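# Structural overview
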Amino acid sequence: MIALASEGGFAVRSWAPLCVVALALLAFSAMRPLRGPALVAVAGVWAFAGWTALSTAWSESTDAAVTGGARALLYAALFTIPLATLPDRHSARRFAILLAGALGAVTAVTFLLVLVRGDELFLAGRLDSPIGYRNGTAALFVLAFWPLVCVAASREPGPA
């Protein structure tokens, strides 16, 4: 109940600007046609987002339904951007390496800050920084896993 009363645990100011940017990026970027499993995955995630947004029509809590629908649109856009905008496997591999490197840099800076400022970055014994939401912080650090799997699975030798 407490999380629901506080915007579902995610402050709207934290994710709404990213949602607008992600949707604008999709609207104004050159997208390549999707086929096969990528098309099925993108269609499925957008169908889910549409159904979630449509649930405002029958939801007892319209505010919660609108927030959930908007978040589902954000997730759909973030899922679609790399699939629809990266032109080839080489670009996808290079993007994965850059993303993993950027996340590694954030992790290293956070580690150094923990060494310097220690307790200031923790909330109830769990790391709260850099996101300001403990589960979001954990998700940020784990996010590098999938790009690294992409790089490891590629057959191209050497760095991008």
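Anything mentioned here points back to the structure above.
Residues numbered from 1 in each chain as written. Predicted model: local features only at pLDDT ≥ 70, side-chain atom pairs only at ≥ 80, totals over all residues. Heavy atoms only, no water.

## A few points about the packing of helix H3 (residues 36–54) against helix H4 (residues 62–85)
To keep things clear, this is the line we draw: To get an axis, fit a line to the C-alpha atoms, keeping to the stretch in contact for a helix; angles then go from 0 to 180 degrees between the N-to-C directions. By definition, any uninterrupted DSSP run of H or I lasting at least four residues is a helix, any uninterrupted run of E lasting at least two residues is a strand, and each is numbered from the N terminus. When describing relative orientation, an angle under 35 degrees is termed roughly parallel and one over 145 degrees roughly antiparallel, while 65 to 115 degrees is termed roughly perpendicular and anything else oblique. Each crossing is labelled by how the near helix is turned from the far one, with a counterclockwise turn of less than a right angle marking it left-handed and a clockwise turn marking it right-handed. Residues are treated as being in contact if the distance between any of their heavy atoms lies within 4.5 Å. Note on residue categories: nonpolar means Ala, Val, Leu, Ile, Met, Phe, Trp, Tyr, Cys or Pro, charged means Asp, Glu, Lys or Arg, and polar means any other residue, Gly included.
Contact pair H3 / H4: the axes reach a minimum separation of 8 Å and the direction vectors enclose 165°. By the criterion of interaxial angle, the relationship of H3 to H4 is roughly antiparallel. The two elements H3 and H4 cross, and the hand of that crossing is left-handed. From H3, Ala41, Val42, Val45, Trp46, Phe48, Ala49, Thr52 and Ala53 reach across to H4, where they touch Ala65, Gly68, Gly69, Ala72, Leu73, Ala76, Ala77, Phe79, Thr80 and Leu83. Grouping the constituent residues of the contact of H3 with H4 by class yields 14 nonpolar, four polar and no charged.

## A closer look at the nonpolar core
Condition: Here, nonpolar core means buried Ala, Val, Leu, Ile, Met, Phe, Trp, Tyr and Cys residues that are tied together by side-chain atoms lying within 4.5 Å of each other. When a residue's accessible area, from a 1.4 Å probe over protein chains only, is under 20% of the maximum for its type it is buried; when over 50% it is exposed; and in between it is partly exposed.
Among the nonpolar cores identified, the biggest contains seven residues, and these are Trp15, Cys19, Ala22, Leu26, Leu74, Ala77 and Ile81. Residue assignment for this core shows that the elements contributing at least two residues are helix H2 (12–28) and H4. When neighbours within four sequence positions are excluded, Ala77 is seen to be in contact with Ala22, Leu23, Leu26 and Trp46.

## Looking at the pattern of salt bridges
Which entries qualify depends on this criterion: By definition here, a salt bridge exists when the distance from a side-chain nitrogen of Lys or Arg to a carboxyl oxygen of Asp or Glu is within 4 Å.
The final tally for this structure, using the stated rule, is one salt bridge. Between Arg117 and Glu120 there is a salt bridge, and its shortest N-O distance comes to 3.1 Å. When its relative accessible area of 40% is taken as the criterion, Arg117 is described as partly exposed.

## Re a nonpolar patch on the surface
To be explicit about the condition: Residues with no salt bridge and a relative accessible area higher than 30% make up the patches, which join like charges within 9 Å and nonpolar side chains (Val, Leu, Ile, Met, Phe, Trp, Tyr) within 5 Å. Per-residue and other accessible areas follow the Shrake-Rupley method at a 1.4 Å probe size, with only the shown protein chains counted as cover for residues.
A surface patch of nonpolar side chains, about 460 Å² in accessible area, is lined by Phe111, Leu112, Leu115 and Val116. Overall, Val116 belongs to the exposed group, its relative accessible area being 69%.

## Some details on the packing of aromatic side chains
Under the convention used in this document: Stacked, tilted and edge-to-face are the three classes applied to pairs of Phe, Tyr and Trp rings, where Trp contributes its six-membered ring and a pair requires centres within 6.5 Å; stacked means planes under 30 degrees apart, edge-to-face means over 60, and tilted covers the rest.
Enumeration according to the criterion identifies two aromatic pairs in this entry. For the ring pair Phe145 and Trp146, a centre distance of 4.8 Å and an interplane angle of 80° mean the geometry is edge-to-face. Assessed through its relative accessible area of 45%, Phe145 is described here as partly exposed.

## Examining helix H5 (residues 89–117)
The test is simple: To estimate the expected span of a helix, subtract one from its residue number and multiply by 1.5 Å. Any N or O atom pair separated by 3.5 Å or less is treated as a polar contact, with the protein-specific requirement of one donor-capable and one acceptor-capable atom, and with residues adjacent in sequence counted only for side-chain atom pairs.
Taking 1.5 Å of rise per residue, the 29 residues of H5 would be expected to cover 42 Å, and the 41 Å separating its terminal C-alpha atoms lies within 8% of that figure. Where H5 is concerned, the buried positions are Ser91, Arg93, Ala96, Ala100, Leu103 and Thr110. Buried-residue contacts for H5 involve strand S2 (126–127), helix H6 (134–142) and helix H7 (145–153). One side-chain oxygen of the residue at the start of H5 lies 3.3 Å from the amide nitrogen of His90, identifying that residue as Asp88. The positive-phi residue at the C-terminal boundary of H5 is Gly118, with phi of around 50°.

## Re the packing of H5 against H7
For the pair H5 and H7, interaxial distance at closest approach is 8 Å and the crossing angle is 140°. Considered as vectors, H5 and H7 are oriented oblique to each other. Two packed elements cross with a definite hand, and for H5 against H7 that hand is left-handed. On H7, the residues that touch Arg93, Ala96, Ile97, Leu99 and Ala100 of H5 are Pro147, Leu148, Cys150 and Val151.

## Brief notes about unusual backbone geometry
Backbone torsion omega between Ser129 and Pro130 reads 15°, so that peptide bond is classified as cis. Inspection of the secondary structure puts Pro130 in the loop between S2 and H6. Backbone geometry places Ala124, a non-glycine residue, at a positive phi of 55°. Relative to the assigned elements, Ala124 resides in the loop between strand S1 (122–123) and S2. The exposure class assigned to Ala124 is exposed, which follows from its relative accessible area of 67%.

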